[in-house]
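# Topology and contacts: notes
Okay, here's what each chain looks like letter by letter:
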Amino acid sequence: MRTPIIAGNWKMFKTVPEAKTFIEEVKGKAEVDGVESVICAPFTNLPALVEAAKGTSIKIGAQNLHFEDNGAYTGEISGEMLKDLGVDYVIIGHSERRAYFAETDETVNKKMHAAFRHGLTPIVCVGEKLEEREAGQTKDVCKVQTEAAFKGLSAEQAAQAVIAYEPIWAIGTGKSSTAQDANEVISYIRELVKGLYGEDVASKVRIQYGGSVKPENVTEYMGQSDIDGALVGGASLQPASYIQLVQGAK
Ligand SMILES: O=C(CO)COP(=O)(O)O
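This one's a predicted model, so the numbers in the text were calculated from it and none came from an experiment.

Here is what the cut-offs are and how they apply
Residues numbered from 1 in each chain as written. Predicted model: local features only at pLDDT ≥ 70, side-chain atom pairs only at ≥ 80, totals over all residues. Heavy atoms only, no water. Axes fitted to C-alpha atoms, helices over the stretch in contact; angles between N-to-C directions. Helix = DSSP H or I, 4+ residues; strand = E, 2+ residues; numbered from the N terminus. Parallel < 35°, antiparallel > 145°, perpendicular 65-115°, else oblique. Left-handed = near helix turned anticlockwise from the far one by under 90°. Contact = heavy atoms within 4.5 Å. Nonpolar A, V, L, I, M, F, W, Y, C, P; charged D, E, K, R; others polar. Polar contact = N/O pair within 3.5 Å; in protein donor to acceptor, adjacent residues only side chain to side chain. UniProt positions renumbered as here; feature names shortened; annotations may be inferred. Buried < 20%, exposed > 50% of the residue type's maximum accessible area, 1.4 Å probe, protein only. Core = buried A, V, L, I, M, F, W, Y, C linked by side-chain atoms within 4.5 Å. pLDDT = per-residue confidence, 0-100. Near = heavy atom within 4 Å. Areas by Shrake-Rupley, 256 points an atom, 1.4 Å probe, with all protein chains shown as cover. Disulfide = S-S within 2.5 Å. Phe/Tyr/Trp six-rings, centres within 6.5 Å; stacked < 30°, edge-to-face > 60°. Lys NZ or Arg CZ within 6 Å of the ring centre and 35° of its normal.

Turning our attention to the packing of helix H5 (residues 105–117) against helix H7 (residues 138–149). The contact between H5 and H7 brings their axes to 8 Å, and the two run at 40 degrees. Classified by the interaxial angle, the pair formed by H5 and H7 is oblique. Where H5 crosses over H7, the two elements pack in a sense that is right-handed. For the pair H5 and H7, the contacting residues are Asp105, Val108, Asn109 and Met112 in the first and Val144, Gln145, Ala148 and Ala149 in the second. Partitioning the contact of H5 with H7 into residue classes produces five nonpolar, two polar and one charged.

Written out as structure tokens, the structure is:
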């Protein structure tokens, strides 16, 4: 049985005081037995969030990491540094990083290895652009991105990874994929993992849907056979809405 996982991706929002207040407000409420709750925040918020979330079941994640452990990489943050802060998760290969920050399938794969080297759980994002969907290439795009991301990872590592299927046209647009369509692509991604690692790993890997998930639609996604959670942007920023997302995932 896979544990559902709701992860908020705050993107480039919230100062340290705002982040601390958020945790105070969701404590005890965005904590539901049998649902994992993760906040992925800007680097600047991470120490304060780890501290504020102590004694709760809320886990903290970063939104990126560098693939090397240290070196002359101005402006970058390594997996070793994140682990040292007490961070547990890291988003890798978000479509905004692929589109605006030259993230490639190759760097995504290197970052997956870096995350596991430092005991961080990756949430690796895959998903197609609108024109790719319209050209019927959704599954092809997911195949290339998923297989590249997992290259060289062991079965044990693969089973621990979280995959987020985020169709790019559904991100921040209010145009969410239907639950049935999302489930079809996510089932296909699970088949890909099965092809790489076999049935046991495929049955363990958690696959989220992301793209305009809100309290009003989270239950519908969670009711699908292969959807194990959601990676949520906009609707994760307000405490009340985040609480409803976690409670709705049960
Ligand atoms: O990009 C996303 C999460 O990583 C989705 O963002 P929205 O929930 O704002 O559509």
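So, next bit.
Assignment of secondary structure puts aspartate 228 in the loop between helix H11 (218–222) and strand E8 (229–232). Reaching out from aspartate 228, the side chain makes a polar contact with the side chain of arginine 190 at a distance of 2.7 Å. The residues contacting aspartate 228, other than those within four sequence positions of it, are Arg2, Thr3, Pro4, Ile5, Arg190, Val205, Arg206, Ile207 and Met222.

If you check UniProt for "active site" (unreviewed entry), the listed places come out as His94 and Glu166 in our numbering. Annotated residues spanning 73 residues; largest pairwise C-alpha distance 8.5 Å, indicating a single compact cluster. By secondary structure assignment, the location of histidine 94 is in the loop between strand E4 (89–92) and helix H4 (95–100). Overall, histidine 94 belongs to the buried group, its relative accessible area being 4%. Excluding its chain neighbours within four sequence positions, the residues that come into contact with histidine 94 are Asn9, Lys11, Cys125, Glu166 and Ile171. Along the chain, glutamate 166 falls in the loop between strand E6 (162–165) and helix H9 (179–197). Under the relative-accessibility criterion, glutamate 166 is labelled buried at 6%. When neighbours within four sequence positions are excluded, glutamate 166 is seen to be in contact with His94, Cys125, Val126, Gly127, Glu128, Ile171, Gly210, Gly211 and Leu231.

Counting residues in each nonpolar core, the largest one holds 68 residues, and the members touching the most others are Ile6, Ile39, Met112, Phe150, Ile163, Tyr209 and Tyr242. In terms of residue count, the dominant contributor to this core is H9 (seven residues). Those residues within four positions of isoleucine 163 in sequence are excluded, and the remaining contacts are Val124, Val126, Thr146, Phe150, Ile189, Val193, Val205, Arg206, Ile207 and Gln208. Among the nonpolar cores identified, the runner-up in size contains 11 residues, and Ile5, Ala7, Tyr89 and Ala164 belong to it.

Right, let's talk about the confidence of the model for the chain for a bit. When pLDDT is averaged along the chain, the result is 97; 100% of the residues meet or exceed 70. The secondary structure element of the chain with the lowest average pLDDT is helix H6 (residues 130–134), at 95, and the one with the highest is E4, at 99.

Okay, the site of the ligand next. Lining the immediate surroundings of the ligand are 13 residues, of which Lys11, His94, Gly172, Ser212 and Gly234 lie closest. One nitrogen or oxygen atom from the side chain of lysine 11 is found 2.8 Å from an oxygen atom belonging to the ligand. One of the side-chain N or O atoms of histidine 94 is found 2.8 Å from an oxygen atom in the ligand. With the chains in place, 95% of the 310 Å² that the ligand exposes on its own is no longer accessible.

Below, the discussion takes up the UniProt feature "binding site: substrate" (unreviewed entry) in the chain. UniProt feature "binding site: substrate" (unreviewed entry): in the numbering of this structure it lies at Asn9, Trp10, Lys11, Gly172, Ser212, Gly233 and Gly234. These annotated residues cover 226 residues of sequence, and their C-alpha atoms lie no more than 14.0 Å from one another, placing them together at a single site. Structurally, lysine 11 is set in the loop between strand E1 (5–9) and helix H1 (16–26). The partly exposed category is assigned to lysine 11, whose relative accessible area is 21%. Apart from residues lying up to four places away in sequence, lysine 11 is in contact with Cys40, Pro42, Gln63, His94, Glu96, Ile171 and Gly233. On the accessibility criterion, serine 212 (13% relative accessible area) is buried. Excluding residues within four positions of it along the chain, serine 212 makes contact with Ala170, Gly172, Thr173, Gly174, Lys175, Ser176 and Asn217.

Turning our attention to the state of the cysteines. Considering all chains together, one arrives at zero disulfides under this definition. As a non-bridged cysteine, cysteine 40 has cysteine 125 as the owner of its nearest cysteine sulfur, 9.0 Å distant. With relative accessibility at 0%, the residue cysteine 40 sits in the buried group. Given the relative accessible area of 2%, cysteine 125 is considered buried.

A few words now on the packing of aromatic side chains. This structure, assessed with the given rule, holds six aromatic pairs. Residues phenylalanine 150 and tyrosine 197 carry aromatic rings whose centres are separated by 6.3 Å and whose planes lie at 65 degrees to one another, so their mutual orientation is edge-to-face. Here the residue phenylalanine 150 occupies a position in the loop between H7 and helix H8 (155–160), and tyrosine 197 occupies one in helix H9, the gap between them amounting to 47 residues. Given the relative accessible area of 2%, phenylalanine 150 is considered buried. Arranged with centres 4.5 Å apart and planes meeting at 20 degrees, the rings of tyrosine 209 and tyrosine 221 form a pair that is stacked. Taken together, the positions of tyrosine 209 in strand E7 (residues 206–210) and tyrosine 221 in helix H11 put the pair 12 residues apart, joining distant regions of the chain. Pairwise contacts between aromatic rings join Trp10, Phe22 and Tyr242 into one cluster. For lysine 14, the ring lying beneath its charged end belongs to tryptophan 10, and the centroid distance is 5.2 Å. The ring of phenylalanine 67 has lysine 110 lying over it, and the distance from NZ or CZ to the ring centre is 4.6 Å.

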